[in-house]
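Letter by letter, the chains look like this.
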Amino acid sequence: MISSTVNAMFRDDAKIRKQAQIAKENASVEYSFSELAKLMPAEVVNLILELPDIDSIVSGIRERQFSAEDVMRVTCIQALKAHAKVNCITENMMESAMLTASALDERYSKTQKLVGPLHGVPIALKDNIDVQGHDSSLGCRCSILQPKARNSPIVEALLAAGAIPFCKTNVPWHVVSGNCANSVWGRTLNPIQKRISPGGSSGGLAALLAAGGALIGIGTDEAGGLRVPAQNCRLFALKPTSNRLPGSTTNNFTFGWDTIPVAVGPMTRSLNDLVSIFKGLVNSHPENHDPATVPLPFNTDSYNTTLQSSHAPFYDPYYNSNMIKLEESPIAALTLPSRPISLNSDTVPRVRPLRIGYFTDDGFFRSTPPATSAILQTVYALRQQGHHTIPFALPPTHTAMELMTKMLMLDRSSTCTSSSMIYESELDQGAIPLVAFLGTPHWARSLVAGFFERVLNDKVLAMMIRTAGTGGTRMSSRIAGRHGHGWGLDTLLRFGTFGWWKGKERCLDKCVTDVQALKAQREEYQRFFAERWNKDALDILICPVHAIPPTPSRSFPYTCAGASYSMLFNFLDYPVGIIPGLCPITRNDRVRDVVRYVHSGEPYDLFPIHMGEDWRAPSIETVVQKLQAQEVPAGTEHIPRGSYNFLAILGTEEYNARLKDGSIGNNSRVGIQVVGRRYEEEKVLAAMQVISDCLQTAEARRASQA
C-alpha cells in the first residue's frame with residue numbers, strides 16, 4: 001500500500017515536472033522565434049505563410065527565395081499559436097529542428113543539391129512515433145520523462161528524404177479511444193467546431209493541421225485512428241498498406257502484434273500535399289530503415305493512367321461489349337454479364353472511365369443519413385462524368401468484426417489491463433467504461449452476454465462481450481472505484497481479482513492453435529472479399545468513413561461501433577484515402593424510426609440514373625425521405641434477420657440526441673473513404689483527385705441551376 005502510494009506520488013510529480021518543462025520550452029521558443037522573425041523581411045514571412053503546398057516550399061528553397069531555417073521558424077510560430085488555441089503539442093522539438101534546418105541550408109550552399117524530395121519540409125508527428133531524446137508518453141504518466149534512445153524507422157525515412165520533424169501531438173490514453181484527451185496533456189479541441197471531438201487516435205495531429213500549425217503530419221492507423229480525425233477536422237489522409245511505409249516502433253501495448261497490422265500514413269490540408277509526401281517517402285528507399293517495408297517506388301504509370309480516366313471515352317466491359325473483339329478474347333466462350341472481360345486484355349482500352357463500387361450499409365451498423373447522402377451524391381457526380389458506379393455487396397461485415405475483436409483480445413486484454421506501464425493511470429472519460437468493462441469477471445460478462453443473445457437475439461454483441469476482458473485486474477478495479485462507478489461494479493471487479501476466478505480467466509487466453517485458426521478465418525474472409533471485388537472488376541471502392549457524423553467527446557462510448565466502416569479495411573489491410581467536407585449536417589437529418597431504420601436493408605439505387613443535361617444531384621432532404629421509406633433488403637449480408645442490433649440502435653439514438661441539443665452543428669460535415677487493393681496507393685490517390693474534380697463539377701452545375 002505504501003509503495004503504491006509513493007509510486008503514485010512520484011508519477012504525479014513527474015507529470016507536473018513534464019508539463020512545466022514543455023510549457024517552459026514552448027514559451028522560450030515562441031519568444032525567441034518571434035524575435036528572430038521580426039528580423040526577417042516582411043515579404044519573406046508573408047511569402048512563406050501563403051505557400052499553398054510543400055512542393056512550393058521545396059522549390060522556394062531550391063530557388064533561394066527563402067531558406068529551410070526561415071520556413072521552420074515561421075512554421076514553429078504558427079504551430080505554437082495553434083497549440084495555444086487547441087492544446088495539441090506534447091513534445092517540443094523546435095530548437096533541434098532549427099539546427100537541422102540550418103544544417104540543410106549549409107549543406108545546400110556547399111553542394112548545390114537538395115538532400116531529398118522533401119528538403120526542408122516541416123513535419124508534425126503523432127505522439128506514439130519515437131524520436132531520439134523525446135518521450136512517447138501516449139498520455140500515460142508512467143511513460144513520461146523516459147526519452148527514447150533512437151528514432152523510429154519512419155523518422156529516419158523522413159530525415160533521409162530531407163523532411164524535418166518539429167513536434168509531437170496529443171493522443172488519447174494509450175491510443176485506445178476515439179477521443180483526444182488524457183490526464184497528462186488534457187483535452188485537445190477541434191478548431192473547426194469546439195464542441196465536436198477532433199477524433200482519435202490522431203486527434204492532436206488533426207487539430208494542429210486544421211488550426212494552421214503545419215501542412216503535413218504523420219500518424220498511425222489501426223482502427224481508423226488516422227481517417228476519423230481527418231474527417232472530423234476536414235483534412236485529407238492516406239492509410240497505406242501496412243508495410244508500404246516504415247513503422248513507428250511505439251511503446252503501445254499492442255506493439256509486436258501482427259494480427260491487425262498498424263499502418264503509418266500522412267495527413268495533410270490538401271490533396272496535392274498528400275501525393276507529394278507519399279511519393280517523396282516511397283521514392284527515398286524507406287526499406288533501408290525498416291526491413292519489413294516493401295521496396296516499392298511510386299508507380300507513376302498507375303497514377304497517371306487513373307488520373308487520365310476523366311478524359312476517357314465511355315467504356316465498360318459489361319455495357320459496351322460491342323467495343324471488345326470477343327473472338328480474340330481468351331474468355332470468349334463466357335457470356336456477359338455473368339463475368340466481365342478481363343481488364344488486362346489487350347483488347348481493352350488503356351485509358352477508360354473508372355469502375356467504382358460503393359456501399360452505404362456494411363450490414364453491421366447502418367450509416368446515418370448524412371453519411372449516406374455523401375456517398376450517393378458522390379455516385380451521381382461520378383455518373384455524370386461517365387464513370388461506372390456499381391453497388392458493392394459486402395461479405396458479412398459482422399463476421400469481420402467478430403474476428404477483429406478476437407484478434408485484438410488474444411490474451412483477453414490482460415496485456416492492457418495488467419501492464420505495469422498503465423497501472424494506476426487516470427483515464428479520459430471516454431476510456432473509463434472500456435477499461436472498467438475489460439476488468440469485469442468472466443461470469444458477470446457471461447450473464448450480460450446471455451441476456452443479449454437469448455433475450456434480444458443479438459449474437460454479435462454477445463460474442464464481443466464474452467471475448468474482451470481479463471476478469472478483473474488491479475488496475476481496472478481501482479479505476480472503477482476511483483471514478484465512481486459504484487460499490488457494486490467495484491466489488492465485482494475486486495472479487496474477480498482473487499480466488500479461483502483469476503486462474504479460470506487465465507485459462508481462457510488463446511493458445512497457438514487458436515491463433516492459427518483465427519488467422520485462417522481472416523485469410524478466408526480476405527479471399528472472399530477479393531473474389532467479390534474481382535467479380536465486379538472494380539478499380540476502387542467508396543464508402544462512409546464512420547456510420548455516425550463527428551460528435552462530441554462524450555458520445556464515443558455510444559457511437560464507437562460505427563467505426564466498423566474504417567476498421568474493416570484495417571482487417572483487410574487495404575489502402576484507404578479520405579476526402580473530407582462533402583455533406584453538411586442539419587437538425588432535419590435525424591432518424592425518426594430508429595429501430596426500423598437500423599434493421600432495414602441497404603438502399604443501393606434510390607434514384608434513377610440521370611445522364612442528361614437536366615441532371616440534378618439529390619438533396620439531403622430527398623435522401624432522408626427515401627431512406628426512411630426503404631424496406632427492401634439488398635445484396636449486402638446483414639446481421640441475420642430477426643436479430644436485434646443493439647450497438648447500432650445505441651449509436652443512432654446518440655446521434656439523434658446530439659442533433660437535438662445542437663452539439664452536431666451546421667458547421668459539421670462528413671467525408672468519404674476511397675479504397676483500393678493492397679499496394680495500389682497510387683491508384684487511390686489518383687482516384688481521389690478524379691472524384692474531387694467530379695464533385696467540383698457537380699457543385700458548379702448545381703450552382704448554375706439554382
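Residues numbered from 1 in each chain as written. Predicted model: local features only at pLDDT ≥ 70, side-chain atom pairs only at ≥ 80, totals over all residues. Heavy atoms only, no water.

## Thoughts on unusual backbone geometry
Omega for the peptide link from Gly200 to Ser201 comes to 15°, which places this bond in the cis form. Here Ser201 is to be found in the loop between strand 5 (186–187) and helix 7 (203–210). Of note in the backbone geometry, Asn87 takes a positive phi value of approximately 60° without being a glycine. One can find Asn87 in the loop between helix 4 (68–86) and strand 1 (89–92). The phi torsion at His285 lies on the positive side, around 55°, for a residue other than glycine. Note that His285 resides in the loop between helix 9 (271–282) and helix 10 (300–307). (Helix = DSSP H or I, 4+ residues; strand = E, 2+ residues; numbered from the N terminus.)

## What about the pattern of salt bridges?
Scanning the entire structure with this criterion turns up 14 salt bridges. A salt bridge links Arg244 to Glu682, with the nearest nitrogen and oxygen atoms 2.7 Å apart. Of this pair, Arg244 sits in the loop between strand 7 (236–239) and strand 8 (263–268) while Glu682 sits in helix 26 (residues 681–705); the two residues are 438 residues apart in sequence, bridging distant segments of the chain. In this structure, Arg244 and Glu682 share a single accessibility class: buried. A salt bridge links Lys683 to Asp539; the nearest nitrogen and oxygen atoms lie 3.7 Å apart. One end of the pair, Lys683, is in helix 26; the other, Asp539, is in the loop between helix 20 (512–535) and strand 11 (540–544), and 144 residues separate them in sequence. Judged by relative accessible area, Asp539 falls into the buried class, the value being 4%. (Salt bridge = Lys/Arg side-chain N within 4 Å of Asp/Glu carboxyl O. Buried < 20%, exposed > 50% of the residue type's maximum accessible area, 1.4 Å probe, protein only.)

## Some details on helix 2 (residues 42–49)
Within helix 2 the residues assigned to the buried category are Val44, Val45 and Ile48. What you see down the axis of helix 2 is that its buried residues fit within an arc of 100°, all on one side. Counted as exposed and oriented over 90 degrees from the buried face of helix 2: Ala42 and Glu43. (Arc of directions from axis to C-beta.)

## Overview of the confidence of the model for the protein chain
Per-residue pLDDT for the protein chain averages 79, and the proportion of residues at 70 or more is 70%. Of the regions scoring below 50 in pLDDT, residues 1–10 engages in six contacts with residues more than four places distant in sequence or in other chains. A low-confidence stretch, residues 602–618 stays under pLDDT 50, and its non-local contacts, those more than four residues away or across chains, total 54 contacts. (pLDDT = per-residue confidence, 0-100. Contact = heavy atoms within 4.5 Å.)

## Things to note about the packing of aromatic side chains
Scanning all chains against the criterion turns up eleven aromatic pairs. Ring plane angle 85° and centroid distance 6.5 Å describe the contact between Phe529 and Phe569, whose orientation is recorded as edge-to-face. Pair noted here: Phe529 is in helix 20 and Phe569 is in helix 22 (residues 564–572), with a separation of 40 residues, a long-range link. When sorted by exposure, Phe529 lands in the same class as Phe569, which is buried. When the centroid spacing of 5.5 Å and the interplanar angle of 80° are considered together, the rings of Phe529 and Tyr574 count as edge-to-face. With Phe529 in helix 20 and Tyr574 in the loop between helix 22 and strand 12 (576–584), this pair connects stretches of sequence that are 45 residues apart. Comparing Phe529 with Tyr574 shows no difference in burial state: the two are buried. Three or more aromatic residues link up through ring pairs in this structure, and these residues are Phe392, Phe529, Trp533, Phe569 and Tyr574. Positioned over the ring face of Tyr597 is Arg366, at 4.3 Å from the centre of the ring. (Phe/Tyr/Trp six-rings, centres within 6.5 Å; stacked < 30°, edge-to-face > 60°. Lys NZ or Arg CZ within 6 Å of the ring centre and 35° of its normal.)

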